Amino acid sequence: MARSTGTRTLRVEDPRLLTGTGTYVDDVVRPGMLHACFVRSPVARARIAGIDITEALRLDGVHAVFVAQDLNPGVREQWYTLNGRDDPDTPRPPLAEGEVRFVGDPVAMVVAQDRYTAEDAAELIVVDYDELPPVVDYATALESPESVHATHPGNLVGELTGRPMADLAPVFDAAPHVVGVTVHQQSYGPVPMETRGLVAEWAAPAGEMTIWAATQSPHEVRSFCARLLGVDEHRVRVVTRDTGGGFGQKVLPQREDMCVMLAAVKLPAALKWIEDRQEHLLAAGQARHEHGEARLALDADGRILAATLDHVQDAGAYPTPSPVQSGIAVGLLFPGPYRIPEGTFRSRFVFSNTSGRVAYRGPWQFESMAREVLLDTAARRLGMDPVDLRRLNMLRREDLPTANFNGMPYDHITPYETFEQALEMLDHPAFRREQERARAEGRYLGVGTCTYVEPTAGATPFHGTEGATIRIEPSGKVNVYVAGGSCGNSLETTVVQLTADALGAAIEDVSTVQGDTAITPYGAGTGGSRSGSMTAGAIAETAAGLRARILAIAGHRLEVAVEELELSDGRASVKGDPDKAITLAEIADIAYFQVHALPPGVPAGLEASGRYHTPHLMIWANATHLCTCEVDVLTGAVKLLRYIVSEDCGPMINPSVVEGQIYGGTVQGIGGALYEHLVYDGDGNPLTTTFMDYLLPTAAEVPVIELGHIETPSPGPGGYKGVGEGGAIGAAPAVVNAVADALAPLGVEITRLPLTPASIVELVEEARQRGTVTA
């Protein structure tokens, strides 16, 4: 039968999204709806000596003003399903209580008839701040006498370690070559098109809450709200329609979300909060801010003998969720797709008086940044081409299955194949010849790569299961219900394609309902590159029983054995005799309205629910990113020339969706390498709170992204692997290595991001002063 999976089926959500008729949180209007605005701290750290809300309450149109003593006592429980009830977590008051801990910390919430009035009232609130010395630089926070949280003296959130680094000392002492580099990555964030927001409506007589949310995980918001308010979970309904990007930032409710939930039970009407872009850059959270000392021991030929990473990560003031839990993968994945016999890591997570760390597309990305920059640095110091050093050490098919030195098991991956495919697409030898000619002319071209393995669809308690309900209506049309959480990753189209193939239905006859906790099965939503594999498993589990019932009814009506039937395009037909057939609509009519005609043992109706639980610890995807660039050493400008990605995410459910995920993640990684930076001054004041100062890459800066695919099926459902995070993992290291390669003849080494024109000019000038620059 004709299958829709593997084809470039048009996205079913495109008509509404491309015509501007989608429904986002800000499109939700409820009767008598009120609007919220937050009063935010203008200082990074201070005691709150007093708050005067008198003038704000007098403003016409203001309904209420809430401070910590009004909302914070209403918290019953506050923990994320992802972490578990007993996980030690950061203190997280809804409103700042006693002390503010970063610029943007919410101190009070104004509720008014409209956002404009709420903003005016917020200006009238007077907060008396007794300023305290802030801990701004996370890198020195462990030695600071000041504490971001009194409950965590020394500012250490937590620490994770492998085997003692001293164990590796004999290997490093005896190695012919030892190379080390300390890489610093700047603070930047997901910056989705749609900022955070929700509408909460409390029905007091029934004790029920309805929430319209911009979230990647509607069921997590529901569970969190029920715990927060101390109500039964079935009394909370969360609805998510369209979400304009999430990238990890919208998986879990943050403090402002808590405030809206808590305030809604005190109000006579629905409450809406939508943050503006300045608020978003100020308080929605940061990521990627970390550094690490990475070291390699190599033999005389360049084979890696051992590797270590000493890693420190900025958690900000209020990380969401626990940075220790989300950061563990940095050390575990540091070996990447290379043969490294021995190694270890240490990761420390540190509080600072800046906005809290949030999940961002591949939160462990620093492992690739540190490793891939280190490999290029090592190659140059050994007088090798970085390509040759990687070829010498990269895992190949004959090495699999294997485990890295931290015990992470690898299988069903193709790092060497993607690496070679990317090099072939570039014609690497030809580029090196072009590079030499350019250098002779005083131009600086460079090429950089990053090859990584990416964990997807893991068997963690929260992420390891997913459900689906499929209902074939009496008309023969098919509805499939899944948890959803789609935010640009086209789960609607994916689910429709999978269901159509599983049931042999015509794709135009299949629809999906997602993002409504009242009618969809429980699921973790979008996160961890899990949606494709886990949803495929849930649909396969659910559709199998329905398909058997459909064939049983068809065989009974057509008077043939089930084995003689095939399902395709909404018809059950006899093999070899396609005219002898019955449509899915006719089968549904029998199932619902002619129950006397059903074969023995087949129940009435055509509806089923199922749940998939992955038995796999991890499903691995992998890719190689390759970038070429030209650097103007006078202005520091970086021009990207070609960008190539070779990806192995297994069979593609829809190539257009897969490629869209790669494009989007790659652009975010390019932004992190060259443009994006959440900058703070020495007092903790943010300096990048608009798009005039927080720079994003545009179509003018990004070259055409060329894609190559290698398909190695995973052991999971359909052989599918995740692809949502890879682009953002591989892009920044590839760009950094390309710039470093371009500047290598000048003696420049890159260890700090972003690579702004000013920073590049400074690096060249420093090299000039050392006497290594002749141009």
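Up top is the structure.
Residues numbered from 1 in each chain as written. Predicted model: local features only at pLDDT ≥ 70, side-chain atom pairs only at ≥ 80, totals over all residues. Heavy atoms only, no water.

(A) Spatial organisation of helix 19 (residues 757-770). In this model helix 19 runs 20 Å from its N-terminal to its C-terminal C-alpha over 14 residues, within 8% of the 20 Å that 1.5 Å per residue would give. Of the residues making up helix 19, those classed as buried are S759, I760, V764 and A767. The buried residues of helix 19 occupy an angular sector of 135 degrees when projected down its axis, which confines them to one face. With respect to the buried face of helix 19, the exposed residues turned more than 90 degrees away are A758 and Q769. Elements in contact with the buried residues of helix 19: strand 26 (619-631), strand 27 (638-648) and helix 18 (726-743). Directly after helix 19, the chain includes G771, whose backbone phi takes a positive value near 85 degrees. (Helix = DSSP H or I, 4+ residues; strand = E, 2+ residues; numbered from the N terminus. Expected span 1.5 Å × (residues − 1). Buried < 20%, exposed > 50% of the residue type's maximum accessible area, 1.4 Å probe, protein only. Arc of directions from axis to C-beta. Contact = heavy atoms within 4.5 Å.)

(B) Fine view of the sheet that holds strand 22 (residues 565-568). Spatially, the three strands line up as an open sheet ordered 22-23-24, and their pairing is antiparallel. Edge positions in the open sheet fall to strand 22 and strand 24 (577-583), since each of these has one partner strand only. The sheet shows a mean angle of 35 degrees between the axes of neighbouring strands, taken without regard to direction. Lying on the sheet, helix 15 (residues 531-558) is in contact with strand 22, strand 23 (571-574) and strand 24; it crosses strand 22 at an angle near 125 degrees. (Pairing = 2+ DSSP bridges. Axes fitted to C-alpha atoms, helices over the stretch in contact; angles between N-to-C directions.)

(C) Quick look at the pairing of strand 22. Looking at chain direction, strand 22 and strand 23 are connected through four bridges and run antiparallel. Across the sheet, the residue bridging to S568 is R571, located in strand 23. Where strand 22 folds back on strand 23, the antiparallel hairpin that results is connected by two residues, among which D569 adopts a positive phi of roughly 55 degrees.

(D) Broad picture of the packing of aromatic side chains. On inspection of all chains with the given rule, the structure shows six aromatic pairs. Centre to centre, the rings of F38 and W273 are 5.5 Å apart; their planes meet at 90 degrees, and the pair counts as edge-to-face. With F38 in strand 1 (residues 34-40) and W273 in strand 12 (residues 271-274), this pair connects stretches of sequence that are 235 residues apart. On the basis of relative accessible area, F38 is assigned to the buried category, the value being 5%. Overall, W273 belongs to the buried group, its relative accessible area being 0%. Here Y80 and F224 contribute two aromatic rings whose centre-to-centre distance is 5.1 Å and whose plane-to-plane angle is 20 degrees, an arrangement assigned as stacked. Pair noted here: Y80 is in the loop between helix 3 (68-71) and strand 4 (99-100) and F224 is in helix 6 (residues 218-229), with a separation of 144 residues, a long-range link. Like Y80, the residue F224 is buried in the burial classification. A cation over a ring is seen here: R227 above W79, with NZ or CZ 3.8 Å from the ring centre. (Phe/Tyr/Trp six-rings, centres within 6.5 Å; stacked < 30°, edge-to-face > 60°. Lys NZ or Arg CZ within 6 Å of the ring centre and 35° of its normal.)

(E) Focus on the environment of V251. Mapped onto the elements of the fold, V251 is located in the loop between strand 11 (236-239) and helix 7 (255-264). V251 sits in the buried class, given a relative accessible area of 14%. Taking the C-alpha atoms as reference points, V251 and P218, separated by 33 residues in sequence, lie 8.5 Å from one another.

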